[in-house]
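A look at the structure
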Amino acid sequence: MLGDRWGVSDAEVARHYPCDEFVPFPTLQAWRGVTVRTSPEALWPWVRQIQWAPYSYDLIDNLGRRSPRRLREAPPPVAGEHFTSVGNRPRGRLLAIAPEVHYTGRILGAVLSYVLVPIGDGSTRLLLKLVARGYGPLGPAAVLGDLPMARRQLLNLKRLAENPLD
């Protein structure tokens, strides 16, 4: 499907993701990935902040509110809480979480897993997989629409984790 992959290898597409447990026979799948020059421990606090802001195009995805550029003091997220926030309003449901490993939730009928994979040079692969059932003929449009938003989100998280004082 056009737009179903960005920045991922065939091996990363073939691996098992936590979202696969929640949607065993998806009709829609998309994978995104970026290498972040920091450890999973340093990247994790930014990934978990997805609970508080989308980190994509704030004008579109956050009703013009800027996603935080500093880490927020908050208790660790817990499955059952909201997955993200848009315009300071909770959205979706956090389904599963493993600190420094993955953050998985449901929003708008899709399940997403953000997976942190350490690589040998001290960097981390930040992988995102989206799965869903349904969407019918709108599936390809949903994947294409997700691509620029997810790309921007991953690149923002990369920049913030690599340069936390920018």
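In this report, the structure presented in the accompanying data block is examined. Not measured: the values here are computed from a predicted model. (Residues numbered from 1 in each chain as written. Predicted model: local features only at pLDDT ≥ 70, side-chain atom pairs only at ≥ 80, totals over all residues. Heavy atoms only, no water.)

1. Things to note about the packing of aromatic side chains
Geometrically, a pair of aromatic rings is defined through the distance of the ring centres and the angle of the planes. For the structure shown, the criterion picks out four aromatic pairs. Taken together, Trp44, Phe83, Tyr103 and Tyr114 form an aromatic cluster joined through their ring pairs. The ring of Tyr17 is capped by Arg15, whose NZ or CZ atom sits 5.6 Å from the centre of that ring. Positioned above the aromatic ring of Trp52 is the side chain of Arg72, whose terminal nitrogen or guanidinium carbon lies 3.9 Å from the ring centre. (Phe/Tyr/Trp six-rings, centres within 6.5 Å; stacked < 30°, edge-to-face > 60°. Lys NZ or Arg CZ within 6 Å of the ring centre and 35° of its normal.)

2. Quick notes on the pairing of strand 2 (residues 28–36)
Across the nine residues that make up strand 2, a large majority, seven, are buried. Across nine bridges, strand 2 lies against strand 8 (residues 124–132) in antiparallel orientation. Considered in strand 8, the bridge of Val36 is made with Thr124. (Buried < 20%, exposed > 50% of the residue type's maximum accessible area, 1.4 Å probe, protein only. Helix = DSSP H or I, 4+ residues; strand = E, 2+ residues; numbered from the N terminus. Pairing = 2+ DSSP bridges.)

3. What about the pattern of salt bridges?
When the charged atoms of two side chains with opposite charge come close together, those side chains can pair. The full count for this structure, using the stated rule, is five salt bridges. The partner of Arg125 in a salt bridge is Glu12, and the shortest N-O contact between them spans 2.7 Å. With Arg125 in strand 8 and Glu12 in helix 1 (residues 10–14), this residue pair connects regions lying 113 residues apart in the sequence. Accessibility classification places Arg125 together with Glu12 in one group, the buried group. Overlapping salt bridges, with partners in common, bring together Arg37, Lys158 and Glu162 in one network. (Salt bridge = Lys/Arg side-chain N within 4 Å of Asp/Glu carboxyl O.)

4. A look at unusual backbone geometry
Positive phi, normally seen in glycine, also occurs at Glu100, with a value near 70°. Structurally, Glu100 is set in the loop between strand 5 (93–98) and strand 6 (102–107). When its relative accessible area of 32% is taken as the criterion, Glu100 is described as partly exposed. Not every positive phi belongs to a glycine, and Leu108 is a case in point at roughly 50°.

5. Focus: the pairing of strand 6
Across the six residues that make up strand 6, a large majority, five, are buried. Following strand 5, the chain reverses through three residues before pairing antiparallel with strand 6; Glu100 in that reversal takes a positive phi of roughly 70°. Across six bridges, the pairing between strand 6 and strand 7 (residues 110–118) is antiparallel. Note that in strand 7 the partner of Tyr103 across the bridge is Tyr114.

6. Section: the side chain of Thr124
If you trace the backbone, Thr124 turns up in strand 8. A relative accessible area of 0% means that Thr124 is categorised as buried. At 2.7 Å, the side chain of Thr124 forms a polar contact with the backbone oxygen of Thr38. Setting aside residues up to four positions removed in sequence, Thr124 forms contacts with Val34, Thr35, Val36, Thr38, Ser39, Pro40, Leu43, Leu116, Val117, Pro118 and Ile119. (Polar contact = N/O pair within 3.5 Å; in protein donor to acceptor, adjacent residues only side chain to side chain. Contact = heavy atoms within 4.5 Å.)

Everything listed here is a matter of geometry and, on its own, says nothing about what the molecule does.
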